[in-house]
Amino acid sequence: MSPAPRRVVATAPGKINLSLRVGGADHRGYHALATVFQAVDLLETVEARLPEQPGSLALTIDSRVRGHVPVDSTNLALRAAELLRSETGTQHGAHLHITKQVPIAGGMGGGSADAAAALVALNHLWQTGLSPQELMLLGSRLGADVPFAVLGGTALGTGNGDQLTPAPAPATLTWLLCAPGGHLSTPEVFRVFDELAASSSAPPPVTPQPDHEQLRALATGDVEAIAGTLANELHHAAVHQRPDLQDLLDALRERGALAAIVSGSGPTLAALVHDDEHGHQVSERLRADLGDLDCVVAPSTPHGARIIEAA
Ligand code: C5P
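The rules behind each value
Residues numbered from 1 in each chain as written. Predicted model: local features only at pLDDT ≥ 70, side-chain atom pairs only at ≥ 80, totals over all residues. Heavy atoms only, no water. Near = heavy atom within 4 Å. Polar contact = N/O pair within 3.5 Å; in protein donor to acceptor, adjacent residues only side chain to side chain. Areas by Shrake-Rupley, 256 points an atom, 1.4 Å probe, with all protein chains shown as cover. Helix = DSSP H or I, 4+ residues; strand = E, 2+ residues; numbered from the N terminus. Nonpolar A, V, L, I, M, F, W, Y, C, P; charged D, E, K, R; others polar. Phe/Tyr/Trp six-rings, centres within 6.5 Å; stacked < 30°, edge-to-face > 60°. Buried < 20%, exposed > 50% of the residue type's maximum accessible area, 1.4 Å probe, protein only. Pairing = 2+ DSSP bridges. Axes fitted to C-alpha atoms, helices over the stretch in contact; angles between N-to-C directions. Contact = heavy atoms within 4.5 Å. Salt bridge = Lys/Arg side-chain N within 4 Å of Asp/Glu carboxyl O.

**Observations regarding the site of the ligand**
Point 1. Lining the immediate surroundings of the ligand are Gly 29, Tyr 30, His 31, Leu 33, Gly 143, Ala 144, Asn 160, Thr 186, Pro 187 and Phe 190.
Point 2. A distance of 2.7 Å separates an oxygen atom of the ligand from a polar side-chain atom of His 31.
Point 3. Here Asn 160 contributes a backbone N or O atom positioned 3.0 Å from a nitrogen atom of the ligand.
Point 4. In isolation the ligand offers 450 Å² of accessible surface; the protein chains occlude 76% of this area.
Point 5. Only strand S2 (31-49) and helix H5 (186-198) provide two or more residues apiece to the shell around the ligand.
Point 6. Counting residues per element, the shell around the ligand draws most heavily on H5, which supplies three residues.
Point 7. Of the residues assigned to the shell around the ligand, the class counts are five nonpolar, five polar and no charged.

Right, dumping it as structure tokens:
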């Protein structure tokens, strides 16, 4: 058996919701969802080291994206560490260092990816021996998107988005992801969704149904058909908060994207493109007309949270 490591590095992907159907809220205010998640190769990296002072927990962050992430006890990676400690009874501590690539408060599950990578890294560093399923279950107590950040690939999420069924999606999709600046608060976008639903004639269903047409399109790998199914029921709520998002979505489509949607609760926009070159073309056209916009091209990835180094 190899000796216990002193340093473990894990990555976890950001996500896009290819479809997001929203139902009513439960007593905690959490909404029933039927969503198709897809992991993208835009990664959060968590390095976990055994600390000099046994048992202490500390966090530092190195961000490649704009915005602020708390390093106090509200940080989701620190909460993941506390939860893993209390569940397993381990006395170990850690120094966590996060390198962020996923837009902050952007609707791509960056904080959830931090928690997922922290769980996977610490489970190895501390030799706590939980299975991926156990880590996903633990993750669901931290946030509805954490189990998917552990699993990765493409998956149907039901319940609050935490009940996952992997979905076959053999084609690698290429995404142009644009962060238009600023943040949107997920609870706030859900609150606006409730307000808009209350004033509409058709209330949201108690249990929203998965988009089976999208799941079939993903299984065949027909990119045009997949493009035709991209849809987000939080769209109106996000655009209500940020009217500029509608113009940017129109601009992405006009400049050649196959389809473009708000990612999760926004404000990051996800545009489906044919390939890397096409993505850069659309991005250049957009920049030429609209000025500076933070866009990256990233493929979908089959990987969830995983260890990339251990020593
Ligand atoms: O689960 P997470 O902490 O990421 O969710 C953030 C907030 O988004 C929740 O506090 C809740 O207001 C809202 N939310 C929701 N329904 C879900 C997931 C999240 O209303 N299924």
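That shown, we press on.
**Here's the deal with the packing of aromatic side chains**
Point 1. In total, this model carries one aromatic pair according to the counting rule given.
Point 2. Note on Phe 37 and Phe 148: the rings are 4.6 Å apart at their centroids and 10° apart in plane angle, and the pair reads as stacked. Here Phe 37, found in strand S2, pairs with Phe 148, found in helix H4 (residues 146-151); they are 111 residues apart in sequence, far enough to count as distant. For the pair Phe 37 and Phe 148, one class covers both residues: buried.

**Some remarks on the sheet that holds strand S11 (residues 294-299)**
Point 1. Pairing within the open sheet is antiparallel, and its four strands lie in the order S9-S10-S7-S11. This sheet does not close on itself; its edge strands, each paired only once, are strand S9 (259-262) and S11. Shown here is a sheet whose adjacent strand axes are inclined to one another by a mean of 25°, direction ignored.
Point 2. The pairing of S9 with strand S10 (residues 269-273) spans four bridges and is antiparallel. Within the sheet, the bridge partner assigned to Val 262 lies in S10 and is Leu 269.
Point 3. Where helix H9 (residues 244-254) meets the sheet, its contacts fall on strand S7 (174-179), S9 and S10, and the angle it forms with S9 comes to roughly 160°.
Point 4. With respect to the sheet, helix H10 (residues 276-290) is in contact with S7, S10 and S11, its orientation differing from that of S11 by roughly 170°.

**A look at the pattern of salt bridges**
Point 1. Taken as a whole and judged by the stated rule, the model has 18 salt bridges.
Point 2. Between Lys 100 and Glu 44 there is a salt bridge, with the nearest N and O atoms lying 2.5 Å from each other. Here Lys 100 is found in strand S4 (residues 94-100), whereas its partner Glu 44 is found in strand S2, with 56 residues between them in sequence.
Point 3. The class of Lys 100 is buried, set by a relative accessible area of 2%.
Point 4. Salt-bridge contacts for Arg 191 lead to Glu 195; the nearest nitrogen and oxygen are separated by 2.4 Å. In this pair, Arg 191 and Glu 195 are both assigned in helix H5, four residues apart and thus about one turn of the helix distant.
Point 5. A relative accessible area of 39% means that Arg 191 is categorised as partly exposed.
Point 6. On the basis of relative accessible area, Glu 195 is assigned to the partly exposed category, the value being 42%.
Point 7. Three or more residues are tied together by salt bridges with common partners; here these are Arg 7, Glu 47, Arg 49 and Glu 309.

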